[in-house]
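Residues per chain are reported as follows:
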Amino acid sequence: MTVRVGVIGAGMIGQDHIRRISRVLTGGAVVAVNDVDAARAGQVAAGLPGAVVHATAQDLIGDGDVDAVLVASWGPAHEEQVLAAIGAGKPVFCEKPLAPSSGACLRIVDAEVAHGRRCVQVGFMRRYDAGYQAMKAALEDGSIGAPLLMHCAHRNPSVPPYGFTTEMIISDSAVHEIDLVRWLFGEEVVAARIFKPRRSGKAAAGLHDPLIVQLEMASGVLVDDEVFVNAGYGYDVRGEVVCESGTVALADVGEVTLSASGRRGGRVPVDWRDRFVRAYDAELQDWLIAVAAGTSTGPSAWDGLAAAAVTDSCLQALRTDQRIPVSLPERPDFYAKAQS
């Protein structure tokens, strides 16, 4: 079966997913496109044989020739679009965030539970990264004992000089580690604190960069996440878990180490697409296979809600310089099955 996909949002990530489905993966075809910029939607659809452009997201979701929906629009539009897909009974892959607030995410969770079948997969692609999967396997093996703490780093070369706020360091960047540690340790985050190191002179006016995000897991594991969005030298993601009898860490992602002229070095990824291209491929291939089989996989709407709740606590901690507990409702049995 070829899954006929309608894509809402033809910006950078939307176009990257369209390329992926059309040229890299198997079992899917993009048949419809919608974007708030109609001209851009038309340009993208022109490169897709037989694809149609819909004036609204609702029209695309209601198209009988669309089997499944991929939401890559801006965050504030996600709630309405995901709810519409659930209402139409169509599987929907939603790029993070599931919605901008935990309240909006809870409405999506409630709608999906009422629908009675999982429709939603959230785009937390790090779960599909080979390095993180190997790290999770090492932890579950138990040979290095129980995890005690984790060190993370999330460094971007730069962010736009305007429009990017200190809050977005958490909501747009640290949210990946927020979901990751929940999946890695199989438990919820119960509290958060934010620390503000010396501010980089490369940060735009009003932006406090870097930040240290500290997360407390339910078992007592402590996670520190250095988020530095103007690191300059490349896109550098690191992770190390310290356990009772050893450690497990992400390896250098450079394909080779070059030694010459008295120096030794490797390559640093230039951006998030470069670093996680295989993870993006794997997550969407997984989604297409699940849609064709009539099943569900990957990060769920509950995972989207949990990440949003932790993000809310982090943002409150940023404003108050206090330790803020995470407020999360009891997980419905509907989401009790472990996800990949």
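So, here's what we can say about the structure. The written sequence of each chain sets the order in which its residues are numbered from 1. The model is predicted, so local features are restricted to residues of pLDDT at least 70 and side-chain atom pairs to those at 80 or more, both for listing and for counting; the totals for chains, interfaces and linings are taken over all residues. Working from all heavy atoms in the structure, the side-chain values ignore hydrogens and water.

1. Quick notes on the overall build of the protein
Then, number 1: When helices and strands are counted, the protein shows nine helices and 15 strands.
Then, number 2: In this treatment the radius of gyration is a C-alpha quantity, and the globule benchmark scales as 2.2 Å times the residue count to the 0.38 power. In terms of overall size, the protein behaves like a compact globule, its C-alpha atoms giving a radius of gyration of 20 Å where 340 residues would be expected to give roughly 20 Å.
Then, number 3: Summarising its shape, the C-alpha atoms of the protein cover approximately 55 × 55 × 45 Å along the three principal directions.
Then, number 4: Here, residues are in contact when the closest pair of their heavy atoms is within 4.5 Å. For the protein, the share of sequence-separated contacts (at least 6 apart) that also reach a separation of at least 24 residues comes to 72%.
Then, number 5: Method for areas: the Shrake-Rupley scheme with a 1.4 Å probe, in which residue coverage is limited to the protein chains shown. When the accessible area of the protein is evaluated, it comes to approximately 15100 Å², of which 53% is carbon and sulfur surface.
Then, number 6: For the purpose of counting charges, residues Lys and Arg are taken to be positive, whereas Asp and Glu are taken to be negative. His and the chain ends are not included. Every charge is mapped to an atom, namely NZ of Lys, CZ of Arg, CG of Asp or CD of Glu. Taking the average location of the 31 positive side-chain charges in the protein and that of its 41 negative ones, the two points are 5 Å from each other. Runs of E in the DSSP output that reach at least two residues are strands. Runs of H or I that reach at least four are helices, and both are numbered from the N terminus.

2. Observations concerning the state of the cysteines
Two cysteines whose sulfur atoms are joined by a covalent bond form what is called a disulfide.
Then, number 1: The term disulfide is used for any two cysteine sulfur atoms that are within 2.5 Å. All chains considered together, the criterion is met by zero disulfides.
Then, number 2: Left without a disulfide partner, cysteine 105 is nearest to the cysteine sulfur of cysteine 94, which lies 8.5 Å away.
Then, number 3: Considering cysteine sulfurs only, cysteine 94 is the nearest to cysteine 119, which forms no disulfide, with 13 Å between them.
Then, number 4: Owing to a relative accessible area of 4%, cysteine 119 belongs among the buried residues under this scheme. Note on classification: 1.4 Å probe, protein chains only; a residue is buried when its accessible area is under 20% of the maximum for its type, exposed when over 50%, partly exposed between these limits.

3. A closer look at the sheet that holds strand β11 (residues 236-243)
Then, number 1: Being paired, for any two strands, means DSSP has found at least two bridges between them. Strand order in the open sheet formed by seven strands is β12-β11-β7-β10-β9-β8-β15, and the pairing between neighbours is mixed. Only two strands of the sheet have a single partner each, and these edge strands are β12 (247-249) and β15 (324-325).
Then, number 2: Pairing of β11 with β12, which is carried by three bridges, proceeds in the antiparallel orientation. Among the inter-strand pairings, valine 242 is bridged to a residue of β12, identified as threonine 247.
Then, number 3: Under this scheme, a helix contributes an axis fitted over its contacting stretch, all axes are lines through C-alpha atoms, and angles between N-to-C directions fall in the 0 to 180 degree range. Its contacts with the sheet put helix α7 (residues 166-185) on β7 (147-155), β8 (189-195), β9 (211-217), β10 (222-228) and β11, and the angle it makes with β7 is roughly 145°.
Then, number 4: Against the sheet, helix α9 (residues 301-320) makes contact with β8, β9 and β15, and its axis sits at roughly 35° relative to β8, the strand it touches most.

4. Focus on the packing of helix α4 (residues 78-87) against helix α5 (residues 102-115)
Then, number 1: The geometry of α4 relative to α5 is characterised by a closest axis approach of 10 Å and an angle of 0° between their N-to-C directions. In terms of their interaxial angle, α4 and α5 are classed as roughly parallel. Residues Glu79, Val82, Leu83 and Ile86 of α4 form the contact with α5, whose own contacting residues are Ala104, Arg107, Ile108, Ala111, Glu112 and His115.
Then, number 2: Throughout, the ten residues Ala, Val, Leu, Ile, Met, Phe, Trp, Tyr, Cys and Pro are labelled nonpolar, Asp, Glu, Lys and Arg are labelled charged, and all others, Gly among them, are labelled polar. When the residues that make up the contact of α4 with α5 are grouped by side-chain class, the tally is six nonpolar, one polar and three charged. Roughly parallel means an angle under 35 degrees; roughly antiparallel means over 145; roughly perpendicular covers 65 to 115; every other angle is labelled oblique.

5. Concerning the sheet that holds strand β1 (residues 3-8)
Then, number 1: Here we have six strands laid out as an open sheet, ordered β3-β2-β1-β4-β5-β6, and parallel in their pairing. Two strands bound the open sheet, and with one partner strand each, they are β3 (52-53) and β6 (120-123).
Then, number 2: For strand β4 (residues 68-71) and strand β5 (residues 92-95), the ladder comprises three bridges, and the chain directions are parallel. Counted as the bridge partner of leucine 70 is phenylalanine 93 from β5.
Then, number 3: Lying on the sheet, α4 is in contact with β1, β4, β5 and β6; it crosses β5 at an angle near 170°.

6. What to know about the packing of α7 against α9
Then, number 1: At a closest axis distance of 9 Å, the pairing of α7 and α9 adopts a crossing angle of 135°. On the basis of the axis angle, α7 is oblique to α9. Taken as a pair, α7 and α9 cross one another with a handedness that is right-handed. From α7, Thr166, Glu167, Ile170, Ser171, Val175, Ile178, Asp179 and Arg182 reach across to α9, where they touch Trp302, Asp303, Ala306, Ala307, Val310, Thr311, Cys314, Leu315 and Leu318.
Then, number 2: Its residues placed into classes, the contact of α7 with α9 shows 10 nonpolar, three polar and four charged. Take the far helix as the reference: if the near one is turned anticlockwise from it by less than a right angle, the crossing is left-handed, and if turned clockwise, right-handed.

7. Considering the environment of alanine 174
Then, number 1: Within the fold, alanine 174 resides in helix α7.
Then, number 2: For alanine 174, a relative accessible area of 1% translates into the label buried.
Then, number 3: The contact partners of alanine 174, leaving out residues within four places of it in the chain, are Ile169, Val213, Asp225 and Val227.

8. Things to note about the packing of aromatic side chains
Given two aromatic rings, their pairing is described by the distance between the two centres and the angle made by the two planes.
Then, number 1: Pairing of aromatic rings covers Phe, Tyr and Trp, the last through its six-membered ring, and needs centres within 6.5 Å; plane angles under 30 degrees mean stacked, over 60 mean edge-to-face, and all others mean tilted. Overall, the coordinates contain three aromatic pairs when judged by the stated rule.
Then, number 2: Plain terms: the ring middles of phenylalanine 334 and tyrosine 335 are 4.8 Å apart, the flat faces sit at 85° to each other, and that makes the pair edge-to-face.
Then, number 3: Taking relative accessible area as the criterion, tyrosine 335 reaches 3% and is therefore assigned buried.
Then, number 4: Any Lys NZ or Arg CZ found within 6 Å of a ring centre and within 35 degrees of that ring's normal is scored as a charge over the ring. Over the ring of tryptophan 183 we find lysine 136; its NZ or CZ atom is 5.1 Å from the centre of that ring.
Then, number 5: Stacked on the ring of phenylalanine 276, the Lys or Arg arginine 275 has its end atom at 4.3 Å from the ring centre.

9. Quick notes on the environment of alanine 307
Then, number 1: Within the secondary structure layout, alanine 307 lies in helix α9.
Then, number 2: Note on alanine 307: relative accessible area 2%, which makes it buried.
Then, number 3: Residues alanine 307 and aspartate 179, spaced 128 residues apart in sequence, show a C-alpha to C-alpha distance of 5.7 Å.
Then, number 4: Setting aside chain neighbours within four positions, we find alanine 307 in contact with Phe124, Val175 and Ile178.

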